[in-house]
Amino acid sequence: MENNITNESLYKEASEYMVGGVNSPIRAFKYAGIAPLIIKNGRGSKVYDYNGKSYIDYVLGYGAIILGHAHPLVVKGLKNKLNDGFVFGATTREEIELAKIIKSAVPLMEKIRFVNSGTEAVMGAIRLARAFTGRDLLVKFTSSYHGHADYLLCEKKVLEDGVIPVSKGVTANLIKDTIIAEYGNIESIKDVFAKYGKKIAAVIVEPVAGNYGVICPNVDFIKTLRSLTKQYGALLIFDEVITGFRFGFWELGSMFCVRPDVIVLGKIIGGGMPIGAFGGREKIMNYLAPLGEVYQAGTFSGNPISMANGINTLKILNQDTKAKYKYLINYGITLSYEIKKIAYKYGIGLTMGEFLTMFSFKFKTREMFHDFYKIAIENGVFFAPSEFEANFISLAHTEKDLKKTLFVCEKAFRKISKKDYQYAE
Ligand SMILES: Cc1ncc(COP(=O)(O)O)c(C=O)c1O
């Protein structure tokens with residue numbers, strides 16, 4: 001270990017300067033019940049820490065990485081771009097090129113606005129929907145996460161109408177225009193529209209939810225959202241910050257035969273650099289300033305470095321693209337299937353949330369997850385440190401990684417199967 005620097009020493013130092021030693025709460029690994037990893041670098045399917053260990057990475061920057069870490073061509077492209085300067089406060093050619101690539105894959109995004117994060121993109125899309133419809137109410141779903149805007153940090157009151165904040169500092173006033181329906185429940189959304197229909201500006205939904213474990217809704221649910229929003233004159237916003245370009249070089253809605261009004265993207269389109277984007281039909285998007293009266297701006301929006309990284313990533317992804325997604329999907333499906341098979345063999349009560357190249361774990365108790373997670377980390381597999389977060393596959397993951405992951409899962413399940421757990425949770 002270089003100069004006695006370890007994960008532990010760095011985390012101690014980090015905690016002296018940053019709240020809880022992190023800049024985003026999940027990175028404290030609190031849910032997983034272990035000391036946080038401090039990552040030194042990443043290459044391909046692996047990340048490396050300061051204790052000299054490597055891990056097969058299924059977190060992948062919470063879904064921002066799809067080619068694998070530090071893909072040589074992306075790194076080369078970025079290095080070249082760095083010589084041109086970083087931010088100008090004026091449009092660059094890269095913005096046009098990335099917009100073109102995205103529109104070619106997602107034609108519904110007739111016009112696009114680039115921002116710096118998924119949160120910002122969601123906020124822009126919602127402000128736009130409110131202005132376009134002249135209405136206030138926003139419908140979101142239980143078990144969804146759309147970033148940390150105040151009015152989205154709320155949950156449904158148990159057995160009652162109305163919402164409650166899920167964060168201190170979010171006041172009742174800030175969430176009064178948010179309504180929450182149950183994800184995947186057609187009756188629940190029908191009730192909401194029957195009650196508030198003409199006051200609803202938009203429904204925002206993750207077509208495949210990735211923030212409460214992975215949940216794929218049934219097609220009828222998504223279709224119902226489309227028909228109700230159309231019927232009542234509200235907009236349908238697909239939050240594809242996680243799912244955009246994750247399963248194919250096309251819009252996810254086409255899989256459900258549903259076209260939303262606005263799509264929100266992030267993560268993959270920046271290839272690991274900070275980014276967010278929202279877009280939709282021109283008629284709607286033109287409400288944005290400078291053409292329209294919806295204010296939305298940002299010093300770093302459309303940043304040439306993020307744009308260049310996104311262009312290089314998507315260009316690589318778009319070469320022999322069918323084979324690439326086939327590989328990702330095969331890996332994802334095989335991994336989930338084999339993990340479930342091993343869990344069954346050892347009588348482990350494990351359920352998995354899965355959709356093609358995304359998966360999540362749900363054990364019978366938190367303690368079981370803790371034990372599983374600890375063994376995975378000790379044996380060099382980095383899964384998302386919470387049962388509510390999604391895991392992902394990259395193109396750098398190999399057959400060897402798959403085998404090792406299954407081997408480590410088997411080791412963990414064998415150990416878990418020998419322990420008595422209290423199932424009272
Ligand atoms: C579905 C979804 N929407 C929005 C966001 C917010 O994106 P960001 O973290 O880039 O602000 C996330 C973040 O994970 C997300 O999963």
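What counts as what
- Residues numbered from 1 in each chain as written.
- Predicted model: local features only at pLDDT ≥ 70, side-chain atom pairs only at ≥ 80, totals over all residues.
- Heavy atoms only, no water.
- Pairing = 2+ DSSP bridges.
- Helix = DSSP H or I, 4+ residues; strand = E, 2+ residues; numbered from the N terminus.
- Buried < 20%, exposed > 50% of the residue type's maximum accessible area, 1.4 Å probe, protein only.
- Near = heavy atom within 4 Å.
- Polar contact = N/O pair within 3.5 Å; in protein donor to acceptor, adjacent residues only side chain to side chain.
- Areas by Shrake-Rupley, 256 points an atom, 1.4 Å probe, with all protein chains shown as cover.
- Nonpolar A, V, L, I, M, F, W, Y, C, P; charged D, E, K, R; others polar.
- Domains from an automatic or database assignment.
- Contact = heavy atoms within 4.5 Å.
- Buried area = accessible area lost by both parts, 1.4 Å probe.
- Salt bridge = Lys/Arg side-chain N within 4 Å of Asp/Glu carboxyl O.
- Axes fitted to C-alpha atoms, helices over the stretch in contact; angles between N-to-C directions.
- UniProt positions renumbered as here; feature names shortened; annotations may be inferred.
- Core = buried A, V, L, I, M, F, W, Y, C linked by side-chain atoms within 4.5 Å.
- Lys, Arg positive; Asp, Glu negative; His and termini not counted.
- Arc of directions from axis to C-beta.

## As for the pairing of strand S13 (residues 350-355)
In this sheet, strand S14 (residues 358-363) lies alongside S13 in antiparallel orientation, the contact comprising six bridges. Residue pairing across strands places Glu-354 opposite Phe-359, the latter belonging to S14. Where S13 hands over to S14, the hairpin turn is made up of two residues, of which Leu-356 adopts a positive phi near 50°.

## Quick look at unusual backbone geometry
Put simply, Ala-289 and Pro-290 share a cis peptide bond, and its omega is 15°. You can see Pro-290 is positioned in the loop between helix H8 (282-285) and helix H9 (304-317). The phi dihedral of Ser-143 is positive, around 70°, even though this residue is not glycine. Turning to its location among the elements, Ser-143 is positioned in the loop between strand S5 (137-141) and strand S6 (154-156). For Ser-143, a relative accessible area of 10% puts it in the buried group. Here the phi dihedral of Phe-245 falls at roughly 65°; this positive angle occurs in a residue that is not glycine.

## Side note on the site of the ligand
Surrounding the ligand, one finds Ser-117, Gly-118, Thr-119, Tyr-145, His-146, Gly-147, Glu-206, Asn-211, Asp-239, Val-241, Ile-242 and Lys-267. A distance of 2.9 Å separates an oxygen atom of the ligand from a polar side-chain atom of Lys-267. For the ligand, the accessible surface in isolation is 390 Å², of which the surrounding protein chains cover 82%. Of the residues in the shell around the ligand, the class split is three nonpolar, six polar and three charged.

## Here we look at the domain arrangement of the protein chain
Considered domain by domain, the protein chain is made up of domain 1 (2-70 + 321-417) and domain 2 (87-302). Listed per partner, the contact involves 22 residues of domain 1 and 21 residues of domain 2. Interface area for domain 1 against domain 2, summed over the two sides, is near 1700 Å², with a carbon-plus-sulfur share of 65%. Summed over the shared surface of domain 1 and domain 2, the result is zero salt bridges. Where domain 1 packs against domain 2, one counts nine residue pairs in polar contact (both at pLDDT 80 or more). Sorting the residues of the side of domain 1 that touches domain 2 by element identifies helix H2 (60-63), helix H10 (321-345), S13 and S14 as the ones contributing at least two each. Split into classes, the residues belonging to the side of domain 1 that touches domain 2 amount to 14 nonpolar, five polar and three charged.

## Observations concerning the sheet that holds strand S3 (residues 54-57)
Spatially, four strands are ordered S1-S2-S3-S15 in an open sheet, and the strand pairing comes out mixed. In this open sheet, the two edge strands, each paired with only one partner strand, are strand S1 (39-43) and strand S15 (381-382). Where strand S2 (residues 46-49) meets S3, three bridges bridge the pair, whose relative direction is antiparallel. Bridge pairing in S3 links Lys-46 to Ile-56. Along the sheet, helix H12 (residues 399-417) makes contact with S2, S3 and S15, crossing S3 at roughly 100°.

## Remarks on the UniProt feature "modified residue: N6-(pyridoxal phosphate)lysine" (unreviewed entry) in the protein chain
When the UniProt feature table is mapped to this numbering, "modified residue: N6-(pyridoxal phosphate)lysine" (unreviewed entry) covers Lys-267. On the secondary structure map, Lys-267 appears in the loop between strand S11 (262-266) and strand S12 (276-280). By relative accessible area, which is 25% here, Lys-267 ends up partly exposed. Once residues lying within four places of it in the same chain are set aside, the contact partners of Lys-267 are Tyr-62, Gly-63, Ala-64, Val-241, Ile-242, Gly-272 and Ile-275. In this structure the side chain of Lys-267 is engaged in a polar contact, spanning 2.9 Å, whose partner is the backbone oxygen of Tyr-62.

## Focus: the nonpolar core
With 104 residues, the main nonpolar core has Ile-189, Phe-245, Leu-314, Phe-363, Phe-372, Phe-383 and Phe-413 as its most contacted residues. Taken domain by domain, the makeup of this core includes at least three residues from each of domain 1 (2-70 + 321-417) and domain 2 (87-302). In contact with Phe-413, other than residues within four places in its own chain, are Ile-339, Ile-342, Ala-343, Tyr-346, Ile-348, Leu-350, Phe-363 and Phe-372.

## Considerations on the side chain of Glu-240
Structurally, Glu-240 can be placed in the loop between strand S10 (235-239) and S11. Buried within the structure, Glu-240 lacks any salt-bridge partner; its nearest side chain of opposite charge belongs to Arg-246, at an N-O separation of 9.8 Å. Apart from residues no more than four positions distant in its own chain, Glu-240 is found in contact with Pro-207, Glu-251, Leu-252, Gly-253, Ile-263, Val-264, Leu-265 and Gly-266.

## Some remarks on helix H1 (residues 7-17)
For an α-helix, the turn length of 3.6 residues means that residues three or four places apart are oriented alike. Taken together, the buried positions of H1 are Asn-7, Leu-10 and Ala-14. In a view along the axis of H1, the buried residues occupy a sector of 65°, so they form one face of it. Within H1, the exposed residues directed more than 90 degrees away from the buried face are Lys-12 and Glu-16. Tucked inside the fold, the buried residues of H1 contact S2.

## Some words on the pattern of salt bridges
Counting across every chain of the model gives 17 salt bridges. A salt bridge links Glu-282 to Lys-111; the shortest N-O distance between them is 2.8 Å. Linking Glu-282 in helix H8 with Lys-111 in strand S4 (residues 111-115), this pair joins segments that are 171 residues apart in sequence. For Glu-282, a relative accessible area of 35% translates into the label partly exposed. The class of Lys-111 is partly exposed, set by a relative accessible area of 34%. Taken together, the shared-partner salt bridges in this structure form one network comprising Lys-81, Asp-84 and Glu-94.

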